[in-house]
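# Summary of the model geometry
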Amino acid sequence: CILMLSSCSLISNDDVVQIDEESGLVLQNIENISIWVPSNWNTISPSSLPVPKSGEVIFAMASKEERQGYLNNIVILKSQNSLSESSLSLMKNSANFLGTQLQSFRLLSEEDISFNDAEKGLVLTFEWKYNSQTPLVTYLQTARVCGDINYFATISLAEKPESYDRYVSVLRTLECQ
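The model shown is predicted, which means the values in this text are computed figures rather than measured ones.

## What to know about helix α2 (residues 165-172)
Residue pairs spaced three or four apart in an α-helix point in one direction, given the helix's 3.6 residues per turn. Every buried residue of α2 is accounted for by Tyr-167, Val-168, Val-170 and Leu-171. Around the axis of α2, the buried residues are gathered within 155° of arc, so they sit on the same side.

In C-alpha coordinates, the structure reads:
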(Lines give C-alpha, C1' and ligand atoms only; values in the text may rest on other atoms or scores of the structure.)
Protein backbone atom coordinates (compact mmCIF):
# COMPACT_ATOMS: atom_id res chain seq x y z
CA CYS A 1 0.00 0.00 0.00
CA ILE A 2 1.40 3.40 -1.00
CA LEU A 3 0.28 6.52 0.82
CA MET A 4 1.00 9.92 -0.72
CA LEU A 5 0.46 13.22 1.01
CA SER A 6 -0.03 16.36 -1.02
CA SER A 7 -0.32 18.63 1.99
CA CYS A 8 0.51 18.51 5.64
CA SER A 9 0.02 20.46 8.83
CA LEU A 10 2.78 21.60 11.12
CA ILE A 11 1.99 22.61 14.66
CA SER A 12 4.02 25.49 16.05
CA ASN A 13 3.13 27.90 18.85
CA ASP A 14 -0.47 26.69 18.86
CA ASP A 15 -0.87 27.74 15.19
CA VAL A 16 -1.63 25.15 12.52
CA VAL A 17 0.25 25.74 9.26
CA GLN A 18 -1.07 24.02 6.15
CA ILE A 19 1.54 23.41 3.44
CA ASP A 20 0.87 21.86 0.04
CA GLU A 21 4.13 20.01 -0.57
CA GLU A 22 3.43 19.47 -4.27
CA SER A 23 2.93 23.16 -5.12
CA GLY A 24 5.14 24.63 -2.38
CA LEU A 25 2.30 26.87 -1.20
CA VAL A 26 1.21 27.64 2.36
CA LEU A 27 -2.29 28.67 3.45
CA GLN A 28 -2.61 32.19 4.88
CA ASN A 29 -5.79 33.22 6.70
CA ILE A 30 -6.09 37.00 6.81
CA GLU A 31 -9.14 38.66 8.33
CA ASN A 32 -12.11 37.33 6.28
CA ILE A 33 -10.11 35.78 3.43
CA SER A 34 -7.61 33.02 2.75
CA ILE A 35 -5.01 32.52 0.04
CA TRP A 36 -2.27 29.98 -0.71
CA VAL A 37 1.12 31.71 -1.20
CA PRO A 38 4.72 30.55 -1.78
CA SER A 39 5.99 28.94 1.42
CA ASN A 40 9.54 30.17 0.81
CA TRP A 41 8.57 33.87 0.75
CA ASN A 42 8.90 36.17 3.78
CA THR A 43 6.02 37.99 5.44
CA ILE A 44 6.32 41.79 5.39
CA SER A 45 4.65 43.96 7.98
CA PRO A 46 2.01 46.12 6.25
CA SER A 47 3.12 49.04 8.46
CA SER A 48 6.53 48.99 6.72
CA LEU A 49 4.94 49.60 3.30
CA PRO A 50 3.88 52.90 1.73
CA VAL A 51 0.31 53.90 2.57
CA PRO A 52 -1.93 53.38 -0.50
CA LYS A 53 -4.04 56.24 -1.87
CA SER A 54 -7.14 54.24 -1.08
CA GLY A 55 -7.75 51.10 0.92
CA GLU A 56 -5.53 49.43 3.49
CA VAL A 57 -2.70 46.93 3.09
CA ILE A 58 -3.60 43.87 5.18
CA PHE A 59 -1.02 41.35 3.93
CA ALA A 60 2.32 41.35 2.12
CA MET A 61 5.02 38.80 1.34
CA ALA A 62 8.19 38.95 -0.75
CA SER A 63 10.53 36.41 -2.26
CA LYS A 64 13.93 35.93 -0.68
CA GLU A 65 15.66 36.05 -4.05
CA GLU A 66 16.41 39.49 -5.50
CA ARG A 67 16.12 39.85 -9.28
CA GLN A 68 17.21 42.98 -11.08
CA GLY A 69 17.28 44.77 -7.72
CA TYR A 70 13.65 43.78 -7.02
CA LEU A 71 11.89 41.20 -4.84
CA ASN A 72 8.87 39.46 -6.35
CA ASN A 73 5.97 40.02 -3.97
CA ILE A 74 2.27 39.77 -3.22
CA VAL A 75 0.21 42.49 -1.55
CA ILE A 76 -3.44 42.34 -0.50
CA LEU A 77 -5.45 45.55 -0.06
CA LYS A 78 -8.92 45.87 1.36
CA SER A 79 -11.47 48.62 0.77
CA GLN A 80 -15.19 49.21 1.18
CA ASN A 81 -17.43 47.94 -1.64
CA SER A 82 -19.82 50.85 -1.88
CA LEU A 83 -21.19 49.82 -5.30
CA SER A 84 -22.22 46.23 -4.43
CA GLU A 85 -20.19 44.91 -7.37
CA SER A 86 -19.30 41.30 -8.06
CA SER A 87 -15.66 40.21 -8.10
CA LEU A 88 -15.72 40.06 -11.91
CA SER A 89 -17.23 43.53 -12.46
CA LEU A 90 -14.92 45.02 -9.82
CA MET A 91 -11.87 43.86 -11.80
CA LYS A 92 -13.30 45.07 -15.13
CA ASN A 93 -13.75 48.52 -13.58
CA SER A 94 -10.27 48.31 -12.09
CA ALA A 95 -8.77 47.65 -15.55
CA ASN A 96 -10.40 50.81 -16.89
CA PHE A 97 -9.22 52.84 -13.90
CA LEU A 98 -5.63 51.60 -14.07
CA GLY A 99 -5.39 52.37 -17.77
CA THR A 100 -6.35 56.01 -17.22
CA GLN A 101 -4.56 56.71 -13.92
CA LEU A 102 -1.11 55.11 -14.14
CA GLN A 103 1.80 56.41 -16.17
CA SER A 104 3.71 53.84 -18.22
CA PHE A 105 0.77 51.43 -17.83
CA ARG A 106 0.44 48.69 -20.45
CA LEU A 107 -2.26 46.03 -20.18
CA LEU A 108 -0.88 42.67 -21.32
CA SER A 109 -3.95 40.48 -20.80
CA GLU A 110 -7.30 39.98 -19.13
CA GLU A 111 -8.04 36.38 -18.19
CA ASP A 112 -11.43 35.17 -17.01
CA ILE A 113 -10.94 32.73 -14.14
CA SER A 114 -12.89 30.66 -11.70
CA PHE A 115 -11.61 30.86 -8.15
CA ASN A 116 -11.17 27.53 -6.36
CA ASP A 117 -14.62 27.99 -4.77
CA ALA A 118 -16.19 28.45 -8.29
CA GLU A 119 -16.75 32.25 -7.97
CA LYS A 120 -16.09 33.96 -11.32
CA GLY A 121 -13.26 36.47 -11.51
CA LEU A 122 -10.72 38.19 -13.71
CA VAL A 123 -6.92 38.40 -13.59
CA LEU A 124 -5.27 41.43 -15.14
CA THR A 125 -1.65 41.16 -16.25
CA PHE A 126 0.00 44.52 -16.84
CA GLU A 127 3.31 46.36 -16.80
CA TRP A 128 3.88 49.58 -14.90
CA LYS A 129 6.66 51.73 -13.47
CA TYR A 130 6.01 53.20 -10.02
CA ASN A 131 8.15 56.22 -10.98
CA SER A 132 10.93 57.12 -13.40
CA GLN A 133 13.61 55.63 -11.12
CA THR A 134 11.98 52.23 -10.64
CA PRO A 135 12.18 49.29 -13.06
CA LEU A 136 9.32 48.27 -15.31
CA VAL A 137 7.51 45.56 -13.35
CA THR A 138 4.90 43.00 -14.38
CA TYR A 139 1.79 42.77 -12.19
CA LEU A 140 -0.98 40.19 -11.92
CA GLN A 141 -4.06 41.39 -10.06
CA THR A 142 -7.44 40.03 -9.10
CA ALA A 143 -10.14 40.97 -6.61
CA ARG A 144 -12.73 39.28 -4.43
CA VAL A 145 -15.83 40.85 -2.98
CA CYS A 146 -16.64 39.45 0.46
CA GLY A 147 -19.81 41.08 1.72
CA ASP A 148 -19.20 44.81 1.70
CA ILE A 149 -15.39 44.52 1.52
CA ASN A 150 -13.22 44.38 -1.63
CA TYR A 151 -9.93 42.51 -1.45
CA PHE A 152 -7.36 43.19 -4.19
CA ALA A 153 -4.51 40.68 -4.49
CA THR A 154 -1.56 41.84 -6.58
CA ILE A 155 1.56 39.87 -7.43
CA SER A 156 4.47 41.84 -8.87
CA LEU A 157 7.35 40.21 -10.73
CA ALA A 158 10.71 41.57 -11.83
CA GLU A 159 11.12 38.90 -14.49
CA LYS A 160 8.84 37.92 -17.34
CA PRO A 161 8.30 34.21 -16.96
CA GLU A 162 7.47 32.06 -19.97
CA SER A 163 4.09 31.48 -18.36
CA TYR A 164 2.16 33.32 -15.69
CA ASP A 165 0.11 30.18 -14.89
CA ARG A 166 1.91 29.53 -11.60
CA TYR A 167 1.03 33.00 -10.34
CA VAL A 168 -2.54 32.91 -11.68
CA SER A 169 -3.00 29.63 -9.79
CA VAL A 170 -2.00 31.46 -6.57
CA LEU A 171 -4.57 34.20 -7.26
CA ARG A 172 -7.27 31.58 -7.91
CA THR A 173 -6.94 30.46 -4.27
CA LEU A 174 -8.18 33.82 -2.88
CA GLU A 175 -11.40 32.96 -1.02
CA CYS A 176 -13.87 34.61 1.33
CA GLN A 177 -14.16 32.93 4.75
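From this point, the narrative continues.
## Comments concerning the pattern of salt bridges
This model, assessed by the stated rule, comprises five salt bridges. Between Glu-31 and Lys-78 there is a salt bridge, with its nearest N and O atoms 2.9 Å apart. Here Glu-31 is found in the loop between β3 (25-30) and β4 (33-38), whereas its partner Lys-78 is found in strand β7 (residues 70-80), with 47 residues between them in sequence. Assessed through its relative accessible area of 46%, Glu-31 is described here as partly exposed.

## Looking at the side chain of Thr-138
Position of Thr-138 relative to the elements: it lies in strand β10 (residues 137-146). Overall, Thr-138 belongs to the buried group, its relative accessible area being 2%. Excluding anything up to four places from it in sequence, Thr-138 contacts Leu-108, Thr-125, Phe-126, Glu-127, Ile-155, Ser-156, Leu-157, Glu-159, Lys-160 and Tyr-164.

## Topic: the confidence of the model for the protein
When the pLDDT values of the protein are averaged, the result is 81; 80% of them are 70 or greater. Low pLDDT (under 50) marks residues 1-14, which in the prediction has 19 contacts with non-local residues, meaning those over four places away or in another chain.

## What about the nonpolar core?
Core analysis: the biggest nonpolar cluster contains 29 residues, and Ile-33, Ile-35, Phe-59, Ile-74, Ile-76 and Leu-140 have the highest contact counts within it. If you list the elements that add at least two residues to this core, you get β3, β4, β6 (56-67), β7, β10, β11 (149-157) and α2. At five residues, the largest contribution of residues to this core is made by β11. The residues contacting Ile-35, other than those within four sequence positions of it, are Val-26, Leu-27, Gln-28, Ile-30, Ile-74, Ile-76, Val-170, Thr-173 and Leu-174. Grouped together as the second largest cluster of nonpolar side chains are nine residues, Phe-105, Phe-126, Val-137 and Tyr-139 included.

Conventions we followed
- Within each chain, residues carry numbers counting from 1 in the order of the written sequence.
- Predicted model: local features are reported for residues with pLDDT of at least 70 only, side-chain atom pairs are reported and counted for 80 or more only, and whole-chain, interface and lining totals are derived from all residues.
- Calculated side-chain values reflect all of the structure's heavy atoms, with hydrogen atoms and water omitted.
- The buried label goes to any residue with under 20% of its type's maximum accessible area, the exposed label to any with over 50%, and the partly exposed label to all in between, with areas taken from a 1.4 Å probe on protein chains only.
- Numbered from the N terminus, helices here are DSSP runs of H or I no shorter than four residues, and strands are runs of E no shorter than two.
- Starting at the helix axis, one direction is taken to each C-beta atom, and the arc is that of these directions.
- Just to be clear on terms, a salt bridge is a Lys or Arg side-chain nitrogen sitting within 4 Å of an Asp or Glu carboxyl oxygen.
- Contacts were defined at the residue level, with two residues in contact if any of their heavy atoms lie within 4.5 Å.
- pLDDT is a residue-level measure of predictor confidence that goes from 0 to 100.
- To qualify as a nonpolar core, a set must consist of buried Ala, Val, Leu, Ile, Met, Phe, Trp, Tyr and Cys residues joined through side-chain atoms within 4.5 Å.

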